[in-house]
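# Commentary on secondary and tertiary structure
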Amino acid sequence: MLGCLVISVELVDPRFYHLDTCFCPLPDGGAVWFPAAFDEYGQRAIRAHVPELIDVEEEEANVFSAKRGVLERDIVLPDRRPKSR
């Protein structure tokens with residue numbers, strides 16, 4: 001129906017309640033993601049089907065830095081950064 005591969009994955013961390021809080025596909029076929037938000041199967045499935053993955057550290061994920069918008073080849077980032085140590 002969609003004309004593309006659809007893989008169901010499970011989010012296991014309640015802080016990441018929706019896919020767009022921890023996974024963002026990029027125009028080149030890669031993605032930005034926070035792996036720990038997914039169960040083991042989801043991590044394996046994503047790694048098997050997404051050629052270039054950029055991991056987000058937990059500190060960054062907690063301020064939803066994986067929640068980006070993509071407009072053609074432009075990526076819009078949230079204006080939330082982790083505090084410096």
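See the structure shown above.
Together, Met1, Leu2 and Val6 make up a nonpolar patch on the protein surface, roughly 460 Å² of accessible area in all. Within the element layout of this structure, Val6 appears in the segment before β1 (23-25). Judged by relative accessible area, which is 58%, Val6 ranks as exposed.

Okay, the packing of aromatic side chains next. Taken as a whole, this structure holds 3 aromatic pairs when the rule is applied. Ring plane angle 80° and centroid distance 6.5 Å describe the contact between Phe23 and Phe38, whose orientation is recorded as edge-to-face. Linking Phe23 in strand β1 with Phe38 in the loop between β2 (31-33) and α1 (40-49), this pair joins segments that are 15 residues apart in sequence. Phe38 matches Phe23 in its accessibility class, with the two residues each being buried. Seen in terms of ring centroids, Trp33 and Phe38 are 5.7 Å apart; in terms of plane orientation they differ by 40°. Their pairing is tilted.

Size it by volume and the largest pocket reaches roughly 350 Å³. Forming the walls of the largest pocket are 14 residues, and the residues nearest its centre are Leu5, Ile7, Phe23, Ile46 and Val50. Residue assignment for the lining of the largest pocket shows that the elements contributing at least two residues are β1 and α1. When residues in the lining of the largest pocket are grouped by element, the largest group, 3 residues, is from α1.

All right, on to the side chain of Asp13 then. With respect to the element layout, Asp13 can be found in the segment before β1. Of note is the side chain of Asp13, whose polar atom sits 2.5 Å from the side chain of Arg15. Excluding its chain neighbours within four sequence positions, the residues that come into contact with Asp13 are Ala36 and Ala37.

By the definition in use, this model includes 3 salt bridges. In this structure, Glu58 and Arg15 form a salt bridge, with 3.1 Å as the shortest nitrogen-oxygen distance. One end of the pair, Glu58, is in helix α2 (residues 58-61); the other, Arg15, is in the segment before β1, and 43 residues separate them in sequence. Here Glu58 falls in the partly exposed class, since its relative accessible area comes to 41%.

This brings us to the environment of Tyr41. Relative to the helices and strands, Tyr41 resides in helix α1. According to the relative accessible area criterion, Tyr41 is partly exposed, its value standing at 43%. Note: C-alpha distance between Tyr41 and Glu10 (31 residues apart in sequence) is 8.1 Å. Ignoring anything within four residues of it in the chain, the contact list for Tyr41 reads Ile7 and Ser8.

The rules behind these values
Residues numbered from 1 in each chain as written. Predicted model: local features only at pLDDT ≥ 70, side-chain atom pairs only at ≥ 80, totals over all residues. Heavy atoms only, no water. Patch = residues over 30% accessible without salt bridge, like charges linked within 9 Å, V, L, I, M, F, W, Y side chains within 5 Å. Areas by Shrake-Rupley, 256 points an atom, 1.4 Å probe, with all protein chains shown as cover. Salt bridge = Lys/Arg side-chain N within 4 Å of Asp/Glu carboxyl O. Helix = DSSP H or I, 4+ residues; strand = E, 2+ residues; numbered from the N terminus. Buried < 20%, exposed > 50% of the residue type's maximum accessible area, 1.4 Å probe, protein only. Phe/Tyr/Trp six-rings, centres within 6.5 Å; stacked < 30°, edge-to-face > 60°. 1 Å grid on protein atoms, 1.4 Å probe; cavity = no way out; pocket = protein on both sides within 12 Å on 5 of 7 lines; lining within 4 Å. Points joined across faces, edges and corners; volume = space filled by probe spheres on them. Polar contact = N/O pair within 3.5 Å; in protein donor to acceptor, adjacent residues only side chain to side chain. Contact = heavy atoms within 4.5 Å.

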